[in-house]
Amino acid sequence: MIGVGLSGLNLMNQDRTNQQTSSLIGKIFSVKGRNQSKETEVSIGSSEGQYNLPLEPLLSRGVSTKVPSENLSFRVFVATWNVGGKSPDTKLNLDDILQVREESDIYVLGFQEVVPLNAGNVLVIEDNEPAAKWLALINQSLNKAHNVPLRGPRSIASSGGSLVFQKTSLRKVSKAFRTESKRRLKSCNCPTDLGRKNSKEFCFRCPQSQTNENEFSSEEDEDGSSNFDTNQIKYGLVACKQMVGIFLTVWTRKELVQHVSHLRISCVGRGILGCLGNKGCISVSMIFHKTSFCFLCSHLASGEKEGDELRRNVDVVEILRNTQFPRICRTSGYRVPEKVLDHDRVIWLGDLNYRIALSYSDTGKLLKEEAWDALYDKDQSCL
């Protein structure tokens, strides 16, 4: 299953349009755009009764990261693919899937089941070799004329336009495709001069000196930027993270990476025992120019029985409740988003597992009749 989205975004100071929608996620995000001074609840039915979610703790109470400025437009490509635990073939070409002929500024690509969801991957240690292969294939498509070989005996070499996969780690592969170190992307790249009269212009920023360097582990220091000539590539890797079978990766044009800051990642497991990573969500938070983005890639609870959609609804609620981004800015009175709904732009992708609550034959009949309203009424994500 592949889902693809392509859109242009204007980064500007404007209120969200409160669209009427009956889906759970739609309700949550429509509440986000309303007056947040009152506590709001969304009720989710279950076999044990009503599950009332107070949304107020999930909603932003802080100062928006947006400030008045010139408008900038960017093209964002978003795709999701449940690959069913199959490792990619070396001859796989992602050009058509990524629509590389219609170049975008930002690529957000999410995968589910990049590894089989067996006990070894869930309970012991996840296999990150397939994720490394997917990353190399994405790079091959985005940087078609700028293939970058990985150095060392365990390299992924490019020959005649095809890849030769050799065993390598996701860390080494991701390092080769970065144009900026993770330390730099995580830090605040703001000017230190906050003494201007119109200090509101910098309200979403903090002096770089206030970022605690000790918050970055030695592992992240090792996984810095690559040591090749960055002039060879067109798109740089900004973020990639694997949690068992879920894999999320974000790329931007090389010249735009310098405008990315405050990069943070949060993982929420919703699988076995309600906490393991065979199901759940990876979220990436970042500031791009003066707009905060949150990208979520999730794999929600499966099941076709009546009531299984309620488990998916609870997954959404718990993901929003438990996703927490670390605070890396210390400017008094201001902060970058720490919760999903604090962000200016939220893009949610993944295998949500919501279905049409009809039999296969009944669904096929309605499709032939083009009875879209009847199908919409049975869409679990809108019940």
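Residues numbered from 1 in each chain as written. Predicted model: local features only at pLDDT ≥ 70, side-chain atom pairs only at ≥ 80, totals over all residues. Heavy atoms only, no water.

All right, on to the overall build of the protein chain then. Looking only at helices and strands, the protein chain features ten helices and 13 strands. Within the protein chain, the fraction of its 383 residues that count as buried is 50%. When contacts within the protein chain are restricted to residue pairs at least 6 apart in sequence, long-range pairs at least 24 apart make up 72% of them. Surface summary for the protein chain: the accessible area is close to 18,600 Å², and the carbon and sulfur share equals 47%. (Helix = DSSP H or I, 4+ residues; strand = E, 2+ residues; numbered from the N terminus. Buried < 20%, exposed > 50% of the residue type's maximum accessible area, 1.4 Å probe, protein only. Contact = heavy atoms within 4.5 Å. Areas by Shrake-Rupley, 256 points an atom, 1.4 Å probe, with all protein chains shown as cover.)

It is worth spelling out the pattern of salt bridges at this point. Counting across every chain of the model gives eleven salt bridges. Among the ionic pairs, Glu103 bridges to Arg253, the shortest N-O distance being 3.3 Å. Placement of the pair is Glu103 in the loop between helix 2 (95–98) and strand 5 (106–112) and Arg253 in strand 9 (residues 246–253), with a sequence separation of 150 residues. Judged by relative accessible area, which is 35%, Glu103 ranks as partly exposed. Residue Arg253 is classed as buried on the basis of its relative accessible area of 14%. Here Arg327 makes a salt bridge to Glu338, at a shortest N to O gap of 2.6 Å. With Arg327 in the loop between helix 8 (308–322) and strand 13 (345–351) and Glu338 in the loop between helix 8 and strand 13, the pair connects residues that are eleven residues apart, well separated along the chain. Members of the salt-bridge network, linked through shared partners, are Glu103, Asp105, Lys234 and Arg253. (Salt bridge = Lys/Arg side-chain N within 4 Å of Asp/Glu carboxyl O.)

Along the chain, Thr249 falls in strand 9. Counting along the chain gives 118 residues from Thr249 to Ala131, while the straight-line C-alpha distance between them is 9.9 Å. Sequence-distant contacts of Thr249, that is, excluding residues within four places in its chain, are made with Tyr107, Val108, Leu109, Leu135, Ile138, Leu237, Ala239 and Cys240. Polar side-chain contacts of Thr249 include one of 2.9 Å to the side chain of Trp251. (Polar contact = N/O pair within 3.5 Å; in protein donor to acceptor, adjacent residues only side chain to side chain.)

So, about the sheet that holds strand 13. Strands sit in the order 10-11-12-13 across an open sheet of four strands; the sheet is mixed. Unpaired on one side and paired on the other, strand 10 (260–269) and strand 13 mark the two borders of the sheet. When the angles between neighbouring strand axes are averaged without regard to direction, this sheet yields 15 degrees. The pairing of strand 12 (residues 291–299) with strand 13 spans seven bridges and is classified as parallel. Note that in strand 13 the partner of Phe295 across the bridge is Ile347. (Pairing = 2+ DSSP bridges. Axes fitted to C-alpha atoms, helices over the stretch in contact; angles between N-to-C directions.)

Turning next to a nonpolar patch on the surface. On the surface, Leu123, Val124 and Ile125 cluster together into a nonpolar patch covering about 360 Å² of accessible area. Among the secondary structure elements, Val124 is positioned in helix 3 (residues 119–124). On the basis of relative accessibility, which here comes to 68%, the residue Val124 falls in the exposed class. (Patch = residues over 30% accessible without salt bridge, like charges linked within 9 Å, V, L, I, M, F, W, Y side chains within 5 Å.)

Below, the discussion takes up the packing of aromatic side chains. Taken as a whole and judged by the stated rule, the model has nine aromatic pairs. Judged by centre distance (4.9 Å) and plane angle (65 degrees), the ring pair of Phe74 and Phe288 falls under edge-to-face. Residue Phe74 is found in strand 4 (residues 72–82), and its partner Phe288 is found in strand 11 (residues 280–288); the two are separated by 214 residues along the sequence. Each member of the pair, Phe74 as well as Phe288, is classed as buried. Aromatic ring contacts, followed pair by pair, group Phe74, Phe288, Phe293 and Phe295 into a single cluster. (Phe/Tyr/Trp six-rings, centres within 6.5 Å; stacked < 30°, edge-to-face > 60°.)

Moving on to the state of the cysteines. Disulfide: a covalent bond formed between the sulfur atoms of two cysteine residues. Within this structure, the stated rule accounts for zero disulfides. Cysteine Cys281 remains unbridged, with the sulfur of Cys297 as its closest cysteine sulfur at 7.0 Å. (Disulfide = S-S within 2.5 Å.)

Moving on, we come to the pairing of strand 9. Burial of strand 9 is extensive: eight of the eight residues sit out of reach of the surface. Here strand 5 runs beside strand 9; their pairing, made up of six bridges, is antiparallel. The residue of strand 9 that forms the bridge with Phe111 is Phe247. Pairing analysis gives eight bridges linking strand 8 (residues 235–243) to strand 9, with the strands arranged antiparallel. Looking at strand 9, one finds that Cys240 is bridged to Thr249.

Moving on: the confidence of the model for the protein chain. Per-residue confidence for the protein chain averages 75 on the pLDDT scale, and 64% of its residues sit at or above 70. Confidence drops under a pLDDT of 50 for residues 145–161, and excluding neighbours within four residues, the segment shows 37 contacts in the predicted structure. Across residues 192–223 the pLDDT falls below 50, and counting only partners more than four positions away or on other chains, this stretch makes 63 contacts in the model. (pLDDT = per-residue confidence, 0-100.)

This part takes up the pairing of strand 4. Counting buried positions along strand 4 gives eight out of eleven residues, so the element sits mostly inside the fold. In this structure, strand 4 lies alongside strand 5, joined through seven bridges in parallel fashion. Bridged to Thr80 within strand 5 is Gly110.

Residues other than glycine seldom take positive phi values, yet Gln99 does so here, at roughly 50 degrees. Relative to the assigned elements, Gln99 resides in the loop between helix 2 and strand 5. A relative accessible area of 27% places Gln99 in the partly exposed class. One non-glycine residue, Glu370, adopts positive backbone phi at about 55 degrees. Following the sequence through the fold, Glu370 ends up in the loop between helix 9 (360–368) and helix 10 (372–377). Under the relative-accessibility criterion, Glu370 is labelled exposed at 53%.

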